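Here is what each chain is made of, one letter per residue.
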Amino acid sequence: MRRLERPARAGVELFALALLALSTFAPAAASAGGEKPLEIWLAPSPAGEAWDVLIKSLLADLERTPRRHRLVLLDSEAPAGEPAPEGVLAFFEIHLDRALETPRIELAAGGERSSPGWLVHAVVQAAETVGLEIDVVDARSSWIGQLVARSTRCRLAGPAHRALALGLPSLGLRLPAESIADGSRQLAALARRLDALDGHPVFEDQFLVAFGRVWLRRDLYWLGLALWLVLYWRGRRLPGRESRWLFLLAWLVTPLFGAVLLTLPALLATWRPAPRWLGWAALLPPAIYTLRLGAALLGGARLVVASLPALLVVAALAAFLWGYVRTAPVPATKTRGRDQAA
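Fair warning: this is a prediction, and the values are worked out from it, not measured in the lab.

**Q** Quick question: what am I supposed to make of helix α3 (residues 117-129) here?
**A** Residues spaced three or four apart along an α-helix point in a common direction, a consequence of the helix completing one turn every 3.6 residues. Taking 1.5 Å per residue as the helical rise, α3 with its 13 residues ought to reach 18 Å, and the 18 Å between its terminal C-alpha atoms agrees with that figure. Among the 13 residues in α3, 10 count as buried, and that is most of the element. Among the residues of α3, those classed as buried are Gly117, Trp118, Leu119, Val120, Ala122, Val123, Val124, Gln125, Ala126 and Ala127. Check the buried side of α3 and you find it contacts β5 (88-97), β6 (104-107), β11 (170-176), α6 (180-195), β12 (208-210) and β13 (213-215). Two residues or fewer past α3, Gly131 is found with a positive phi of approximately 75 degrees.

**Q** Honestly, the pattern of salt bridges in this entry has me stumped. Any pointers?
**A** Should their charged atoms come close, side chains of opposite charge can pair. For the coordinates displayed, the defined rule picks out 10 salt bridges. Asp97 is paired through a salt bridge with Arg174; the nearest N and O atoms lie 3.3 Å apart. With Asp97 in strand β5 and Arg174 in strand β11, the pair connects residues that are 77 residues apart, well separated along the chain. For Asp138, the salt bridge is made with Arg292, and the minimal N-O distance between the two is 2.9 Å. In this pair, Asp138 is assigned in the loop between β9 (135-136) and α4 (142-151) and Arg292 in helix α12 (residues 284-298), connecting sequence segments 154 residues apart. According to the relative accessible area criterion, Asp138 is buried, its value standing at 8%. Bridged by salt links that share partners, the residues Asp61, Arg64 and Arg192 form one connected network.

**Q** What exactly am I supposed to notice about the nonpolar core here?
**A** Inside soluble globular proteins, nonpolar side chains tend to come together where they are buried. Judged by nonpolar contacts, the single largest core of 37 residues is most densely connected at Phe92, Ile105, Val120, Val123, Leu171, Leu173 and Leu194. Listing elements by their share of this core, those giving two or more residues are α2 (50-62), β5, β6, α3, β11 and α6. If one sorts the elements of this core by residue count, α3 sits on top with eight residues. Each residue touching Leu171, except ones within four places of it in the same chain, is listed here: Phe91, Phe92, Glu93, Ile105, Glu106, Ala108, Ser115, Leu119, Val120, Val123 and Ala160. If you look at the next biggest cluster of nonpolar residues, it comprises 28 residues, including Ala210, Leu248, Val313 and Phe320.

**Q** Help me understand the packing of aromatic side chains, please; the structure alone is not making it clear to me.
**A** Each pair of aromatic rings is reported with the distance of its centres and the angle of its planes. According to the stated counting rule, one finds six aromatic pairs in the structure shown. Aromatic side chains Trp228 and Tyr232 sit 5.4 Å apart centroid to centroid with 25 degrees between the ring planes, which places their arrangement in the stacked category. One end of the pair is Trp228 and the other is Tyr232, both in helix α7 (residues 217-234) and four residues apart, which spans about a single turn. Trp228 gets classed as buried once you look at its relative accessible area, which sits at 11%. Put simply, the rings of Trp228, Tyr232 and Trp245 pair up and form one aromatic cluster.

**Q** I keep staring at the packing of α2 against α6 and nothing clicks. Help me out?
**A** Packed helix pairs are specified by the crossing angle of their axes together with the interaxial distance, meaning the distance between the axes. Interhelical geometry of α2 versus α6 gives an angle of 45 degrees and a closest axis separation of 9 Å. Between α2 and α6, the angle is such that the two are oblique. Crossing of α2 against α6: the hand is right-handed. Along its contact with α2, which presents Ala50, Val53, Leu54, Ser57, Leu58, Asp61 and Leu62, the element α6 presents Ile180, Gly183, Ser184, Arg185, Leu187, Ala188, Ala191 and Arg192. Residues that form the contact of α2 with α6 fall into these classes: nine nonpolar, three polar and three charged.

**Q** I tried to follow a nonpolar patch on the surface on my own but got confused; where do I start?
**A** Taken together, Leu249, Leu252, Val253 and Leu308 make up a surface patch of nonpolar side chains, about 340 Å² in accessible area. Per-element accounting of the nonpolar patch gives the leading share, three residues, to helix α8 (residues 241-253). By the secondary structure assignment, Leu252 is in helix α8.

**Q** Is there a simple way to explain unusual backbone geometry in this structure?
**A** Outside of glycine, negative phi angles account for most residues, and trans bonds account for most peptide bonds. Of note, the phi angle at Val137 is positive, near 70 degrees, even though the residue is not glycine. Here Val137 is to be found in the loop between β9 and α4. Classification of Val137 by relative accessible area gives partly exposed; the value is 21%. In the Ramachandran plot, Phe211 falls in the positive-phi region, its phi being about 55 degrees despite a non-glycine side chain. Take Phe211: it is sitting in the loop between β12 and β13.

**Q** What is the right way to look at the packing of α3 against α6 in this model?
**A** As a packed pair, α3 and α6 sit with axes 8 Å apart at the nearest point and diverge in direction by 130 degrees. Compared by their axis directions, α3 and α6 come out oblique. The interaxial crossing formed by α3 with α6 has right-handed handedness. When α3 is examined against α6, the residues Trp118, Leu119, Ala122, Val123, Gln125, Ala126, Ala127 and Thr129 are found in contact with a partner set consisting of Gln186, Ala189, Leu190, Arg193 and Leu194.

Thresholds applied
Residues numbered from 1 in each chain as written. Predicted model: local features only at pLDDT ≥ 70, side-chain atom pairs only at ≥ 80, totals over all residues. Heavy atoms only, no water. Helix = DSSP H or I, 4+ residues; strand = E, 2+ residues; numbered from the N terminus. Expected span 1.5 Å × (residues − 1). Buried < 20%, exposed > 50% of the residue type's maximum accessible area, 1.4 Å probe, protein only. Contact = heavy atoms within 4.5 Å. Salt bridge = Lys/Arg side-chain N within 4 Å of Asp/Glu carboxyl O. Core = buried A, V, L, I, M, F, W, Y, C linked by side-chain atoms within 4.5 Å. Phe/Tyr/Trp six-rings, centres within 6.5 Å; stacked < 30°, edge-to-face > 60°. Axes fitted to C-alpha atoms, helices over the stretch in contact; angles between N-to-C directions. Parallel < 35°, antiparallel > 145°, perpendicular 65-115°, else oblique. Left-handed = near helix turned anticlockwise from the far one by under 90°. Nonpolar A, V, L, I, M, F, W, Y, C, P; charged D, E, K, R; others polar. Patch = residues over 30% accessible without salt bridge, like charges linked within 9 Å, V, L, I, M, F, W, Y side chains within 5 Å. Areas by Shrake-Rupley, 256 points an atom, 1.4 Å probe, with all protein chains shown as cover.

In structure tokens:
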């Protein structure tokens, strides 16, 4: 293990960054008043000169303020086949990508877990602190991309995926290679934000990043409850009681997929009467998700969608569409034609 004060001259394009914190302290150490400082571990892989430039800029930024971190350069990308090191707070796999113009978060997946919401929140807030926009999974359709990332697993697991499988909260972060200064400022802001943590926040991996914030499971439940109450009130004298209960059940089982795929149908179902084509438009998010999921599977990804949540979401969508189309008003031209014929 080498210290960052003597960085290797070999540049990198991929490196892993881990923030370590002591979660429990031995009684002897506590009585002596010695608290282990946070550490940042960097594990590079060979590439160009961008590594030296990024690290020098990061160190210069961090030296402006007091901190509890110690920077350590590791010799490997990530721990593999070993128990998670005690006291690890988080692990970041960071790429320098010349094709990107905006930083991007890539959710890690290990076993049945995904990157925790508190870690994604820290990255989003760090980017906002330095005035940078950041994408989550995909710049085109982030919400759908987050669903696809949770529905599939890559055949070749990267360092962040392996670290998460070992129990380390982790994620991937792609930084534009042409904006080294912005990347170093974002990493410095992230280090300072996580420096205030003395342990692990509650691990919650069911969340949605939307409108610049992280919506955790409880937030999504409140949204689903509000939509269901409106649905119940608006549809209490209309047929389609089964669709409302299917919506509630699907949202309770999988709030993340419900928020992305069922919100638009629920909103349209509360708007009656309305044109029939809006009922078909409500299927646009599920259609885009299906196409993106198919493309990921054709690209070699492995499907990990649970059967029960998938069936509930499909059943809720079908019930809403059937009820919406069945109760939609007939166009006025057709109504007049039938009256004249009569």
